[in-house]
Amino acid sequence: MAIKNCFVVIFAGGVGSRMRGAKVPKQFLELGGKPIIAHTIDHFEKHPMVKGIVIVSVESGIDHMREIVAENHYEKVLSIVPGGETGQDSIFNGLNELSNLSVTNDKSIVLIHDGVRPLIDACTITACIESVVKKGCTATTAPASETIIEEEN
């Protein structure tokens, strides 16, 4: 299957307010000597079906995000834009940027991915793209590994 217009919006516009004690937003925390966001971008950068990436960054981290992109020689990153007040606003900013870049058309596929979820793999990305082609809108899920308790009031 030859997909010519697959783009990704990676949103990393949050500050990680639920992570108490962190001195930097969680997308910039290091995992194995590399920022979490770089691990995430790697998967999409290397995927042969992905044509371009827009990164939505927390505004105070845009310069740092540019450094990460430059240091890792990411060629598919088309733009880095500031996030919004909510995750939904950040996604909107990324989609708006793709539209402004005039790289998409009505046959384009756009994947949305959370920048602090680096455990995506090429098979999952391909499966998502193929699912969009066959069925339209697609969401990737994973079984919950936490204990879920249902309480009756």
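As a starting point, this report considers the structure included with it. (Residues numbered from 1 in each chain as written. Predicted model: local features only at pLDDT ≥ 70, side-chain atom pairs only at ≥ 80, totals over all residues. Heavy atoms only, no water.)

## Thoughts on the overall build of the protein
So, step 1. The number of helices and strands found in the protein is 4 helices and 6 strands.
So, step 2. Within the span of the protein, comprising 153 residues, buried residues form 39% of the whole.
So, step 3. Considering only intrachain contacts with a sequence separation of at least 6, the fraction spanning at least 24 residues in the protein is 70%.
So, step 4. Carbon and sulfur atoms form 51% of the exposed surface of the protein, whose accessible area is close to 9,800 Å². (Helix = DSSP H or I, 4+ residues; strand = E, 2+ residues; numbered from the N terminus. Buried < 20%, exposed > 50% of the residue type's maximum accessible area, 1.4 Å probe, protein only. Contact = heavy atoms within 4.5 Å. Areas by Shrake-Rupley, 256 points an atom, 1.4 Å probe, with all protein chains shown as cover.)

## A look at the side chain of Ser90
So, step 1. Relative to the helices and strands, Ser90 is located in helix H3 (residues 87-101).
So, step 2. Within the local environment of Ser90, its side chain forms a polar contact with the backbone nitrogen of Gly84, the two atoms lying 2.9 Å apart. (Polar contact = N/O pair within 3.5 Å; in protein donor to acceptor, adjacent residues only side chain to side chain.)

## Describing a nonpolar patch on the surface
So, step 1. Taken together, the side chains of Leu95, Val110 and Ile112 define a hydrophobic patch exposed on the protein surface, amounting to about 200 Å² of accessible area.
So, step 2. Of note, Ile112 is situated in strand E6 (residues 109-114).
So, step 3. Taking the relative accessible area as the measure of exposure, Ile112 reaches 38% and is therefore partly exposed. (Patch = residues over 30% accessible without salt bridge, like charges linked within 9 Å, V, L, I, M, F, W, Y side chains within 5 Å. Salt bridge = Lys/Arg side-chain N within 4 Å of Asp/Glu carboxyl O.)

## Quick look at the pattern of salt bridges
So, step 1. Applying the stated criterion across every chain yields a total of 3 salt bridges.
So, step 2. The partner of Lys34 in a salt bridge is Asp42, with the nearest N and O atoms 2.4 Å apart.
So, step 3. For Arg66, the salt bridge is made with Asp63, and the minimal N-O distance between the two is 3.1 Å. Placement of both Arg66 and Asp63 in helix H2 (residues 62-71) is noted, with a separation of 3 residues, approximately one turn of the helix.
So, step 4. Using a relative accessible area of 52% as the deciding quantity, one classes Asp63 as exposed.

## Focus: the side chain of Asp42
So, step 1. Summarising the element assignment, Asp42 is placed in helix H1 (residues 36-46).
So, step 2. Excluding residues within four positions of it along the chain, Asp42 makes contact with Lys34 and Tyr74.

## Some thoughts on the environment of Ile10
So, step 1. Mapped onto the fold, Ile10 is located in strand E1 (residues 6-12).
So, step 2. Each C-alpha atom, one on Ile10 and one on Val54, is 6.3 Å from the other, the two residues being 44 residues apart in sequence.
So, step 3. When sequence neighbours within four positions are dropped, the list of residues in contact with Ile10 reads Ile37, Thr40, Ile41, Phe44, Ile53, Val54, Ile55, Val56, His113 and Gly115.

## What about the sheet that holds E1?
So, step 1. As summarised here, the arrangement of the 4 strands in space is E5-E4-E1-E6, forming an open sheet in which the pairing is parallel. Each of the sheet's edge strands pairs with one partner strand only, and the pair in question is strand E5 (77-82) and E6. Each neighbouring strand pair of the sheet contributes to a mean axis angle of 20°, computed without reference to strand direction.
So, step 2. Pairing geometry for E1 and strand E4 (residues 52-57), over 6 bridges, is parallel. Its bridge partner lying in E4, Val8 is registered against Ile53. (Pairing = 2+ DSSP bridges. Axes fitted to C-alpha atoms, helices over the stretch in contact; angles between N-to-C directions.)

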